[in-house]
Amino acid sequence: MRILLIASAYNGLCQRVHVELVDRGYEVSITLSLGDDAVRKAIALFQPDLIICPFLKEKLPEDVWREHLCIILHPGIMGDRGPSSLDWAIMRQESEWGVTALKAVEEMDAGDIWSTLNFPMREATKASLYRREVTRAAVQAILTTIDRFASKAYTPEPLDYSREDVRGELRPLMKQDVRAIDWSTDTVATIIRKINAADSAPGVLDMLYGEEYFLYGAHAEDVLRGRRPGEVIAQRHGAICRAAVDGAVWISHLRKRDTPEKQPFLKRLIQSRKTPTFKLPAAMLLGDKLAVIKESPIDLPYMGKEQTYCEIWYEESNKVGYLHFNFHNGAMGTEQCQRLQQAYLAVRSRDIKVLVLMGGTDFWSNGIHLNWIEAADDPARESWRNINAIDDVVREIITTDSLLTVSAIAGSAGAGGVMMTLAADQVWARKGVILNPHYKTMGLYGSEYWTYLLPKRVGPGRALELTETPLPLGMKKAKAIGLVDEVLPEETGAYQAEVRKMAEALAASSDYQELLEKKRAQRAHDEAIKPLESYRAAELQHMRANFAGQFYGGDVNYHEARYNFVHKIRPKETACYLAQHLKLDFARLSELRQPLAY
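All values derive from a computational prediction rather than experimental measurement.

1. Describing the overall build of the protein chain
Alright, step 1. Within the protein chain, the secondary structure is distributed over 21 helices and 21 strands.
Alright, step 2. Whereas a compact globule of 598 residues would reach a radius of gyration of roughly 25 Å, the protein chain reaches 25 Å, a difference of no more than 12%.
Alright, step 3. Per-residue burial for the protein chain yields a buried fraction of 55% across its 598 residues.
Alright, step 4. In the protein chain, the share of contacts with a sequence separation of at least 24, taken over all contacts with a separation of at least 6, comes to 71%.

2. Structural notes on the environment of Val-427
Alright, step 1. In this fold, Val-427 is placed in strand 19 (residues 426-430).
Alright, step 2. For the pair Val-427 and Val-19, spaced 408 residues apart in sequence, the C-alpha separation works out to 20 Å.
Alright, step 3. The residues contacting Val-427, other than those within four sequence positions of it, are Ser-407, Ile-409, Thr-421, Leu-422, Arg-457, Leu-483, Val-484, Asp-485 and Glu-486.

3. Considering the sheet that holds strand 20 (residues 435-436)
Alright, step 1. Read across the sheet, three strands follow the order 16-18-20 without closing on themselves; strand pairing throughout is parallel. The strands lining the two open edges of the sheet, one partner per strand, are strand 16 (363-365) and strand 20.
Alright, step 2. Of the pairings in the sheet, the one linking strand 18 (residues 412-414) to strand 20 comprises two bridges and is parallel in character. Looking at the pairing, Gly-414 lines up with Asn-436 of strand 20.

4. Points about the side chain of Glu-396
Alright, step 1. Relative to the assigned elements, Glu-396 resides in helix 12 (residues 379-398).
Alright, step 2. Once you skip the residues sitting within four places of it in the chain, Glu-396 turns out to touch Gln-341, Tyr-344, Leu-345 and Arg-348.

5. Things to note about the environment of Ile-195
Alright, step 1. With respect to the secondary-structure elements, Ile-195 resides in helix 7 (residues 188-196).
Alright, step 2. Looking at Ile-195, the relative accessible area reads 0%, which means it is buried.
Alright, step 3. The residues contacting Ile-195, other than those within four sequence positions of it, are Ile-181, Val-204, Leu-215, Tyr-216, Gly-217, Ala-218 and Ile-251.

6. Let's talk about empty space enclosed by the protein
Alright, step 1. Inspection of the entire model under this criterion finds three cavities of 30 Å³ or more.
Alright, step 2. Roughly 50 Å³ of internal volume is contained in the largest cavity.
Alright, step 3. In terms of residue class, the lining of the largest cavity is made up of three nonpolar, six polar and one charged.
Alright, step 4. The volume enclosed by the second largest cavity comes to roughly 40 Å³.

7. Notes on the pattern of salt bridges
Alright, step 1. Following the criterion strictly, the structure yields 47 salt bridges and no others.
Alright, step 2. Arg-24 is the salt-bridge partner of Glu-20, the closest N and O atoms lying 2.6 Å from each other.
Alright, step 3. Judged by its relative accessible area of 13%, Glu-20 is buried.
Alright, step 4. A salt bridge links Arg-163 to Asp-165; the shortest N-O distance between them is 2.6 Å.
Alright, step 5. Through salt bridges with shared partners, a single network forms among Arg-348, Asp-391, Asp-392, Arg-395, Glu-396 and Arg-536.

8. With respect to the pairing of strand 8 (residues 211-221)
Alright, step 1. Across the 11 residues of strand 8, eight count as buried, placing the element largely inside the fold.
Alright, step 2. Bridge count between strand 7 (residues 204-208) and strand 8: five bridges; the pairing is antiparallel. Looking across to strand 8, one finds that Leu-208 is bridged to Glu-211.
Alright, step 3. As consecutive antiparallel partners, strand 7 and strand 8 are separated by two residues, and within that stretch Tyr-209 has a phi angle of approximately 55 degrees, a positive value.
Alright, step 4. As judged from the eight bridges shared by strand 8 and strand 11 (residues 247-256), these two strands associate in the antiparallel manner. By the bridge assignment for strand 11, Tyr-216 is matched with His-253.

9. Digging into the packing of aromatic side chains
Alright, step 1. Within this structure, the stated rule accounts for seven aromatic pairs.
Alright, step 2. Judged by centre distance (5.6 Å) and plane angle (50 degrees), the rings of Tyr-445 and Trp-450 are tilted.
Alright, step 3. For Tyr-445, a relative accessible area of 19% puts it in the buried group.
Alright, step 4. Ring pairs connect the aromatic residues Phe-325, Phe-327 and Trp-364, which therefore count as one cluster.
Alright, step 5. The ring of Phe-46 is capped by Arg-2, whose NZ or CZ atom sits 5.1 Å from the centre of that ring.
Alright, step 6. Here the guanidinium or amino end of Lys-353 rests over the ring plane of Tyr-512, the centre of that ring lying 4.5 Å away.

Criteria and thresholds
- Along every chain, residues carry numbers that run from 1 in the direction the sequence is written.
- Restriction of local features to residues with pLDDT of at least 70 applies here, the model being predicted, together with a cutoff of 80 or more for giving and counting side-chain atom pairs; totals for whole chains, interfaces and linings are based on all residues.
- Note: side-chain values were computed over all heavy atoms of the structure, leaving out hydrogens and water.
- Numbering of helices and strands runs from the N terminus, with a helix taken as a DSSP run of H or I at least four residues long and a strand as a DSSP run of E at least two residues long.
- For a compact globule the rule gives 2.2 Å times the number of residues to the power 0.38, and the radius of gyration it is set against comes from C-alpha atoms.
- Think of it in three bands: with a 1.4 Å probe and only protein chains considered, a residue is buried below 20% of the maximum accessible area for its type, exposed above 50%, and partly exposed in between.
- The contact criterion used is simple: two residues touch if any of their non-hydrogen atoms lie within 4.5 Å.
- In short, DSSP must find at least two bridges between two strands for them to pair.
- Using a grid of 1 Å spacing that covers the protein atoms alone, one calls a set of points a cavity when a 1.4 Å probe fits there but cannot get out, and a pocket when the set is open and has protein on both sides within 12 Å along at least five of seven lines; lining residues are those with an atom within 4 Å of a point.
- Grid points are joined across faces, edges and corners, and a volume is the space filled by probe spheres set on the points.
- Any residue that is not Ala, Val, Leu, Ile, Met, Phe, Trp, Tyr, Cys, Pro, Asp, Glu, Lys or Arg is counted as polar, Gly included; the first ten are nonpolar and the last four charged.
- Salt bridges are defined as contacts in which a side-chain nitrogen from Lys or Arg sits within 4 Å of a carboxyl oxygen from Asp or Glu.
- Ring pairs shown here join Phe, Tyr and Trp side chains whose ring centres sit within 6.5 Å, with only the six-membered ring taken for Trp; geometry is labelled stacked below 30 degrees between planes, edge-to-face above 60, and tilted in between.
- By definition here, charges over rings are those cases where NZ of Lys or CZ of Arg is within 6 Å of the ring centre and within 35 degrees of the ring normal.

In structure tokens, the structure reads:
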């Protein structure tokens, strides 16, 4: 079956759907919704049997949905309609929500229902719910829809609000007057819920020091208190703590309300240096305004039980240590890498036998922090600092010879984050995780000792394929090629329980000492053949050239690619590696250009 995916962006959900369909043997092509003509061209070239829209903000052209079955994925329960589905569900404290696959028609989200699947809600940000519960339910709803479509015997259900099981309703776009925080009356729980419902977009608009900012990343605080609700009372690792009527709440990130004017690239680049208008750590954006606000210290790694803001924390049980590093969107800035290295060295020296690198819940790691780099006075210099800082962390993991290490990947990872997982002795991943083990879309060669770690895992040929082809990798293929050792249950609770069970079994294993000695011998053997730092030096030689503006991977310039990523500049066309229909078009053109045979 030929399936065309139409999406507003190749986001995490679209990548997961793409991987799942390809794994099941379907012929899949993707087109971004970059205009009606682009959509029509993709359909004409690919001739799909079915069109699926896993993430679509724009309306499809009428001739498209009338002539083809187009399935829209809506992140809401049966009958729910509107662009702020999850926002309303969080704000209204729904105990259950869902995903619905429905036919595209003139009226948004009102078509016949092909599949619907509900899930229990948890207290989390909208983005986290979307990446976990919504994505898992969406994949199942799509697969059910495809099976029903293939059977040619299923009749989709019309939307009927008179039915008792149809609990959804048409909800308007949630505006800032609904999201607004009243610091004089709103409790910590209410403030967190409002910010969660707007994270990661559009954020909650608020005033700070006489200027308007969007707020993101809310965390409760158990100890600190202030006199006036709304005042900033502390800062820590880029976040700010604000007093509330019944406690205090940390805000990790802000975005200035101003938007950059549409100007040529160089002018936009200069303007963005003066007034960043993209999401950054709150303290970084506020700068000198926080001069009198003290830094609230916290141990590294944090081992307490109180609620507070901490990116790195540690647990220990039965000779197993669990090091968590939950960085916003998986991006790791220079100072974050330095703190992680400090924490790693501290826990490595403890009386444990196995150290599990837990990463974050939604992202394990996505490598260097492009937003921080974009905001720097000298992005090339900051890029160099950042890549060396993350390399330092990876080196410590590789050279650990006093215990066994495990990377436990609960959330997706990309670029240097993928390579960092490979530094551990074993790699375990949650089913449903998506890896992007490449740097090409950002115009980078890559570092993190990938030229040492990746070929060891998958062989030199496969390593080249993974880094040169910028496509996502699902766990089925990752396990088959040896990139990961074990694939664990997708449901979070079952995954966490299995990680602890396996880690404790490894620590108590009768052949633990043999495994440790084998690891030491292998490292000594590898070092004798080629010193570890030789790999790093060669990688960084390429990276220095990339940071200086030299192209890597065709015509991709790192500084422009980074700018477009940070400022969310949409591409002008769908990348050829996603659009299989463009390959078909190219093949046909090539045939037409062949000389006639007489």
